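Structure assessment
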Amino acid sequence: MKSFSFAPISKPDAVILILGTMPGTKSLEIQQYYGHPQNNFWRFMFEILNEDFSDNYEIKKNLLLKNKIALWDVLQFCERIGSLDSAIKNEITNDFELFLKQHPGIKTIVFNGQKAAVFFKKYVPIKDGSYQLITLPSTSPANAGKSFEFKLNEWKIILQSK
């Protein structure tokens, strides 16, 4: 199945960029980042940013924007059956050269899982020291090897990057 990523959630004043790999099946179906109800991304963001959780997608997006966090995916396009990153083939990356020029305040790039980091480092040329690159445990329900609390504590590094 051919999959296309979403437009970024961002404003020019962003200081942190969080990158997933590619939206999963449920996210594509409902046209929302991290749309699978068992994905912990939004729960982590609300908890870390000390806000009451909301299922409203506009509130979710505004939470990131008001905290100067941009959200996007490494890949613009891929072929994949299902939602597992390991099934991705024929991938094409998003235009990070343009995006980073349009968001000059970004100094930290956070990867939601190992595969996002692997694809980014494979395809996106970044000068050493230009950005702090942080790979965090995937928030996906497929990443069940670590507890919610463990992953949440790892994700709290975002607060140090703001």
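A brief structural summary. (Residues numbered from 1 in each chain as written. Predicted model: local features only at pLDDT ≥ 70, side-chain atom pairs only at ≥ 80, totals over all residues. Heavy atoms only, no water.)

The next subject is the nonpolar core. Counting 47 residues, the largest nonpolar core has L17, I18, M45 and W155 as its most contacted members. A total of six residues in this core trace back to one element, the largest contributor, which is helix α2 (residues 41-48). Those residues in contact with W155 that sit more than four places away from it in its chain are I18, F41, F44, M45, I48, V110, N112, L136, P137 and T139. (Core = buried A, V, L, I, M, F, W, Y, C linked by side-chain atoms within 4.5 Å. Buried < 20%, exposed > 50% of the residue type's maximum accessible area, 1.4 Å probe, protein only. Helix = DSSP H or I, 4+ residues; strand = E, 2+ residues; numbered from the N terminus. Contact = heavy atoms within 4.5 Å.)

Take the layout of surface pockets next. Volume-wise, the largest pocket comes out at about 500 Å³. Around the largest pocket, the lining is made up of 27 residues, and of these M22, N39, S83, D85 and S140 lie nearest the centre. Of all elements in the fold, only α1 (25-30) and α5 (114-123) reach the threshold of two or more residues within the lining of the largest pocket. Take the lining of the largest pocket: its biggest share by element is three residues, from α1. There is about 270 Å³ of room inside the second largest pocket. (1 Å grid on protein atoms, 1.4 Å probe; cavity = no way out; pocket = protein on both sides within 12 Å on 5 of 7 lines; lining within 4 Å. Points joined across faces, edges and corners; volume = space filled by probe spheres on them.)

We now examine the sheet that holds strand β2 (residues 16-20). Taken in spatial order, the four strands line up as β3-β2-β6-β7 in an open sheet, and their pairing is parallel. At either end of the open sheet lies a strand with only one pairing partner, and these are β3 (69-73) and β7 (132-136). For this sheet the average axis-to-axis angle between neighbouring strands, irrespective of direction, equals 20°. Strand direction decides the pairing type here: β2 and β3, joined by five bridges, are parallel. Considered in β3, the bridge of G20 is made with D73. (Pairing = 2+ DSSP bridges. Axes fitted to C-alpha atoms, helices over the stretch in contact; angles between N-to-C directions.)

This part takes up the sheet that holds strand β4 (residues 75-79). Spatially, three strands are ordered β1-β4-β5 in an open sheet, and the strand pairing comes out antiparallel. The strands lining the two open edges of the sheet, one partner per strand, are β1 (2-4) and β5 (89-93). When the angles between neighbouring strand axes are averaged without regard to direction, this sheet yields 10°. Bridge count for β1 against β4 is three bridges, and the pairing is antiparallel. Following the sheet pairing, S3 is matched in β4 by C78.

Pairs can form between side chains of opposite charge once their charged atoms are near each other. In the structure shown here, the tally under the stated rule is five salt bridges. Between E51 and K66 there is a salt bridge, and its shortest N-O distance comes to 3.0 Å. Pair noted here: E51 is in the loop between α2 and α3 (57-66) and K66 is in helix α3, with a separation of 15 residues, a long-range link. Judged by its relative accessible area of 35%, E51 is partly exposed. (Salt bridge = Lys/Arg side-chain N within 4 Å of Asp/Glu carboxyl O.)

Another point: unusual backbone geometry. What is expected of a backbone is that most residues other than glycine have negative phi and most peptide bonds are trans. The phi angle at K68 is positive, at roughly 60°, despite the residue not being glycine. Summarising the element assignment, K68 is placed in the loop between α3 and β3. The class for K68 is partly exposed, based on a relative accessible area of 39%. Despite not being glycine, N90 has its phi angle at roughly 50°, a positive value. Summarising the element assignment, N90 is placed in strand β5.

Next up on the list: the packing of α2 against helix α6 (residues 148-155). Put simply, α2 and α6 touch, their axes get as near as 10 Å, and they point 55° apart. When the interaxial angle is binned, α2 and α6 end up oblique. The hand of the α2/α6 crossing is right-handed. Counted together, F41, R43, F44, M45, E47 and I48 of α2 and F148, K151, L152 and W155 of α6 form the full contact between these two elements. Considered class by class, the residues forming the contact of α2 with α6 number seven nonpolar, no polar and three charged. (Parallel < 35°, antiparallel > 145°, perpendicular 65-115°, else oblique. Left-handed = near helix turned anticlockwise from the far one by under 90°. Nonpolar A, V, L, I, M, F, W, Y, C, P; charged D, E, K, R; others polar.)

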